[in-house]
Amino acid sequence: MENKPSQELLNILKLYPSLSPMDRLKILLRLIFCVRPILTVLDQNLPKQGLILDLGCGYGVISHLISNINRKVIGIDVASHRIKVAKTSMDQKRNVEFYATDIREFQAPTCDAIIIIDVLYLFSYQDQEQILTKCYENLRNDGILAIKDSGKSPRWKYAYMYSEEWIKVKLGVYGDEVKKTKLNFWDSGDFIDLLSKIGFKITMIPLESYLPYPGVLYTCQKIEGSIVGAKHLHC
């Protein structure tokens, strides 16, 4: 799959009429390197209708892409500037809402699905477990939790990705609110064990790419936890 944004993805930029050049660049890079590789898999695994929470939604790009007339999406992010930008994209849309708050403190309603895209590593391992447990409790039976994270293999990709993320966090790319955050990535096996312990049934999808990012997508269903298996997605 080419890492080139389709016209559909580029059209998302039209929802943000007052973007600064820097914010526009950030959204475009997110579309290319984060959103495009996982969008098809998300669409295939998320319920066709109902309420979806986007935890750590940033500018709300993915919230818009997965919302439709049958799906309402609530986006939550601690970065107040990003949520301010996200709210400018709402216009007359009634199926997307954005709130600036810490996802650990948000009083989540019962929902049909939750997505967490490249966010968990910004929290301590203990906080991550609490967030995931809260997700399980807020999902309806058979609800889906989709998590995009970074694995630790191959090591050279992990080392590059970790260095890049550390720099971006310290520079405030993800908001001033997380500048002092330590990065906490899971080994895939340990992460699957944690999700299983919480009660999820898991499918792990390594996002294979020539780019130096060891991405992994986990689709987790709220039933008695067992590992379905692993399959590979080429980006």
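Structural data are supplied above this passage.
One structure accompanies this document, and this report is about it.

A few words now on the overall build of the chain. When helices and strands are tallied, the chain shows seven helices and nine strands. Taken against the 2.2 N^0.38 rule, which gives 18 Å for 235 residues, the C-alpha radius of gyration of the chain at 17 Å falls within 12% of a compact globule. Structurally, the chain occupies a C-alpha span of about 45 × 40 × 35 Å along its principal axes. In the chain, which comprises 235 residues, the proportion classed as buried is 54%. Long-range contacts, defined here as pairs at least 24 residues apart, represent 68% of the contacts in the chain between residues at least 6 apart. In the structure as shown, the chain presents an accessible area of about 11400 Å², 53% of it carried by carbon and sulfur atoms. Taken as two groups, the 30 positive and 26 negative side-chain charges of the chain have centres that lie 4 Å from each other.

Here we take up empty space enclosed by the protein. One way to see where empty space is left: roll a probe the size of a water molecule over the atoms. Under the criterion given, the structure shown has one cavity of 30 Å³ or more. Considering the residues around the largest cavity, the lining is formed by Leu53, Leu55, Ile103, Phe106, Ala108, Ile114, Ile131, Lys134, Cys135 and Asn138. When contributions to the lining of the largest cavity are tallied by element, the ones reaching two or more residues are β1 (50-55) and α5 (125-138). Sort the elements by how many residues they give to the lining of the largest cavity and α5 lands first, with four residues.

It is worth spelling out a nonpolar patch on the surface at this point. On the surface, Met22, Leu25, Leu29 and Phe33 cluster together into a nonpolar patch covering about 370 Å² of accessible area. Among the secondary structure elements, Leu29 is positioned in helix α2 (residues 21-45). A relative accessible area of 39% means that Leu29 is categorised as partly exposed.

Our next topic: the pattern of salt bridges. Evaluation of the coordinates by the stated rule reveals 10 salt bridges. Note that Asp112 is salt-bridged to Arg140, the shortest N-O span being 3.0 Å. One end of the pair, Asp112, is in strand β4 (residues 111-117); the other, Arg140, is in strand β5 (residues 139-150), with 28 residues separating them in the sequence. Three or more residues joined by partner-sharing salt bridges are found here, namely Asp102, Arg104 and Asp127.

Attention now moves to the side chain of Lys148. With respect to the element layout, Lys148 can be found in strand β5. With residues near it in sequence (within four places) discarded, Lys148 still touches Ile38, Ile116, Ile117, Asp118, Leu207, Gly215, Val216 and Leu217.

Looking at the secondary structure, you find Leu211 in the loop between β6 (200-208) and β7 (215-222). For Leu211, a relative accessible area of 15% gives the class buried. Taking the C-alpha atoms as reference points, Leu211 and Phe33, separated by 178 residues in sequence, lie 8.8 Å from one another.

Turning our eyes to something else, we now look at the pairing of β5. Buried residues dominate β5, accounting for nine of its 12 residues. Two elements, β4 and β5, share six bridges in a ladder whose sense is parallel. Bridge assignment links Ile114 to a residue of β5, and that residue is Leu145. As for the winding sense of the linkage, the β-α-β connection from β4 through α5 to β5 is right-handed.

What counts and how
- Residues numbered from 1 in each chain as written.
- Predicted model: local features only at pLDDT ≥ 70, side-chain atom pairs only at ≥ 80, totals over all residues.
- Heavy atoms only, no water.
- Helix = DSSP H or I, 4+ residues; strand = E, 2+ residues; numbered from the N terminus.
- Rg over C-alpha atoms; globule rule 2.2 N^0.38 Å.
- Buried < 20%, exposed > 50% of the residue type's maximum accessible area, 1.4 Å probe, protein only.
- Contact = heavy atoms within 4.5 Å.
- Areas by Shrake-Rupley, 256 points an atom, 1.4 Å probe, with all protein chains shown as cover.
- Lys, Arg positive; Asp, Glu negative; His and termini not counted.
- Charge placed at Lys NZ, Arg CZ, Asp CG, Glu CD.
- 1 Å grid on protein atoms, 1.4 Å probe; cavity = no way out; pocket = protein on both sides within 12 Å on 5 of 7 lines; lining within 4 Å.
- Points joined across faces, edges and corners; volume = space filled by probe spheres on them.
- Patch = residues over 30% accessible without salt bridge, like charges linked within 9 Å, V, L, I, M, F, W, Y side chains within 5 Å.
- Salt bridge = Lys/Arg side-chain N within 4 Å of Asp/Glu carboxyl O.
- Pairing = 2+ DSSP bridges.
- Right-handed = clockwise from strand over helix to strand, strands pointing away.

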